[in-house]
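# An overview of the molecular structure
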Amino acid sequence: MLRIDYNLIFTVINLLVLFIGLRFVLFKPVKKILDERQAEADKEFNEAKEKQAEADALKEKYDASIASIEEDRRTVMSEARTKADDEYQRIVGHAEDQAREITDRAVIEAENQKKKILKSAEEEIADMVVAAAGKVAGSKGGADFDRSLYDEFLAKKSEDDS
């Protein structure tokens, strides 16, 4: 059987004293240090969470800014293309108008040159006819003389053409 004697009671009392003594001397300071470290870790974790939230907010703001800039860039590029196309159409239209004017002037000038050449040719033919008629009227030589005048007229005309 189990015997209860003084040793057992002293052992139990020693254990209780040791437990209480260790609790005050060892467990409480260690628990206090662990609680402080836990509080510090929780504080750092909360700060990291806040910083992450701030970084996420800044990233969203940055993304929105980039999207806004991209939209502005697209708008500016679209406007620039429209202006460039309008300017191109204006320049092409102006060039076509100038080309039409130059062509019209060239046609008119060519017609004027043609009229001058025809008038000059008519005057030369008239002079040659008058000269031939004067020679015919001034002399009476017959068929041989007429043939020689005709040959002379053709020779003079071929010289003028070349």
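In short, a report on the structure. (Residues numbered from 1 in each chain as written. Predicted model: local features only at pLDDT ≥ 70, side-chain atom pairs only at ≥ 80, totals over all residues. Heavy atoms only, no water.)

Check the secondary structure of the protein chain and you find 2 helices and 0 strands. Evaluated residue by residue, the protein chain yields a buried proportion of 1% over its 162 residues. Surface exposure of the protein chain reaches about 14800 Å², of which carbon and sulfur atoms provide 60%. (Helix = DSSP H or I, 4+ residues; strand = E, 2+ residues; numbered from the N terminus. Buried < 20%, exposed > 50% of the residue type's maximum accessible area, 1.4 Å probe, protein only. Areas by Shrake-Rupley, 256 points an atom, 1.4 Å probe, with all protein chains shown as cover.)

Taken together, the side chains of E36, E40, E44, E47, E50 and E54 define an acidic patch exposed on the protein surface. Locating E44 in the fold gives a position in helix α1 (residues 6–138). (Patch = residues over 30% accessible without salt bridge, like charges linked within 9 Å, V, L, I, M, F, W, Y side chains within 5 Å. Salt bridge = Lys/Arg side-chain N within 4 Å of Asp/Glu carboxyl O. Lys, Arg positive; Asp, Glu negative; His and termini not counted. Charge placed at Lys NZ, Arg CZ, Asp CG, Glu CD.)

A separate point is the pattern of salt bridges. By the definition in use, this model includes 7 salt bridges. A salt bridge links R74 to E70; the shortest N-O distance between them is 3.9 Å. Here E70 and R74 lie together in helix α1, a separation of 4 residues that amounts to about one turn. We classify R74 as partly exposed; its relative accessible area is 47%. Between R90 and E87 there is a salt bridge, with its nearest N and O atoms 2.5 Å apart. Pair noted here: R90 and E87 are both in helix α1, with a separation of 3 residues, about one helical turn. You can call E87 partly exposed: its relative accessible area is 36%.

All quantities given are derived from atomic positions and should not be read as evidence of function.
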